[in-house]
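Take a look at the letters that make up each chain.
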Amino acid sequence: MPVFETQDTDDLSFTETLCWNMLSEAVDDRKHPMHLVVVATPAGHLAHMRTVVLRRVDTDTHKLYFHTDIRSGKIGEIRATGHLSWLAYGASLRSQLRLSGPTVLHSQDELCRLHWDRTRLFSKRCYLLPEPPGRELRGSVADFDERLAGFRYTLEESEAGFERFVVVETQVDSMEWYYTHNRGNRRAHFSYRDGLLQEARWLTP
């Protein structure tokens, strides 16, 4: 049962804390409904959306993180605007979170190294592939699958992928929570500046 159902409260502070707790709990729990989130970047008149793994949440500074390849198309789009939008949804939690804010790309710095060292050896293989993500595949899918299945490397050899590994960090300046329930929906908005809560208000659902 979503914890909101056990609380008969109009306390925005309580609600904000629960929202960040949902995100924080999703980081290490692969079965959590918000472990996979959607990020969106503007590209001309379109919004390009991707599903990524939520890798880290700083509840004190209100920052979100995910990993990507420096050769990915989203890198240029993030650099062009310096901004990123996030969407997290959990049907079992009856909650949708929309978050956005200025975004920094960490490449070959101390924070990037910290995340790389914590990444499982198996997960590093995509950064070792010569083909950039999203490029047209040469040859058959079966041939590529066979090559990938037979791809073996040591921890030392995996270091070659570090130069392509990027940690994307968003400093959240806006978070909107939408909660659905048969007794009535709820909606709230929270604004931040430099990681500090500036304003919290209820909205009409």
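Structural notes, computed from the coordinates. Within each chain, residue numbers correspond to sequence positions counted from 1 in written order. With the structure being a predicted model, the display of local features is reserved for residues of pLDDT at least 70 and the display and counting of side-chain atom pairs for 80 or more, all residues being used for whole-chain, interface and lining totals. To obtain the side-chain values, all non-hydrogen atoms of the structure were included, while hydrogens and water were left out.

1. Describing the pairing of strand β5 (residues 83–90)
The condition that has to hold: Buried means the residue's accessible area, taken with a 1.4 Å probe over protein chains only, is under 20% of the maximum for its type, while exposed means over 50%, and partly exposed covers the values in between. The way it works is that DSSP assigns letters per residue, a run of H or I at least four long becomes a helix, a run of E at least two long becomes a strand, and they are numbered from the N terminus. Only strands that DSSP links by at least two bridges are regarded as paired with each other.
Covered by surrounding structure in β5 are L84, W86, A88 and G90 only, the residues H83, S85, L87 and Y89 on the alternate face being uncovered. With 3 bridges joining them, strand β1 (residues 36–43) and β5 adopt antiparallel strand pairing. When the bridges of β5 are listed, A40 appears paired with S85. Taken together, the 8 bridges between β5 and strand β6 (residues 95–107) define a ladder with antiparallel strand orientation. Bridging from a neighbouring strand, G90 pairs with S95 of β6.

2. A word on the layout of surface pockets
Inclusion rule: In this analysis, the protein atoms alone were mapped onto a 1 Å grid. Cavities are point sets where a 1.4 Å probe fits without being able to get out; pockets are open sets with protein on both sides within 12 Å along at least five of seven lines; lining residues have an atom within 4 Å of a point. Grid points are joined across faces, edges and corners, and a volume is the space filled by probe spheres set on the points. Ten residue types, Ala, Val, Leu, Ile, Met, Phe, Trp, Tyr, Cys and Pro, are classed as nonpolar, four, Asp, Glu, Lys and Arg, as charged, and the remainder, Gly among them, as polar.
Each pocket or cavity is described by its volume, and for the largest pocket that value is around 1,200 Å³. As for the largest pocket, its lining consists of 37 residues, and the residues nearest its centre are R55, H67, S123, C126 and Y127. Every element with two or more residues in the lining of the largest pocket is listed here: β2 (46–53), β4 (63–69), α2 (73–81), α3 (110–118) and α4 (141–149). If one sorts the elements of the lining of the largest pocket by residue count, β2 sits on top with 4 residues. Considering only residue class, the lining of the largest pocket consists of 11 nonpolar, 10 polar and 16 charged.

3. A few points about unusual backbone geometry
Phi at H62 takes a positive value of approximately 60 degrees, unusual for a residue other than glycine. Counting through the fold element by element, H62 comes out in the loop between β3 (56–58) and β4. We classify H62 as buried; its relative accessible area is 9%. For D194, which is not a glycine, the phi torsion comes out positive at approximately 55 degrees.

By themselves, these are just geometric observations and shouldn't be taken as functional.
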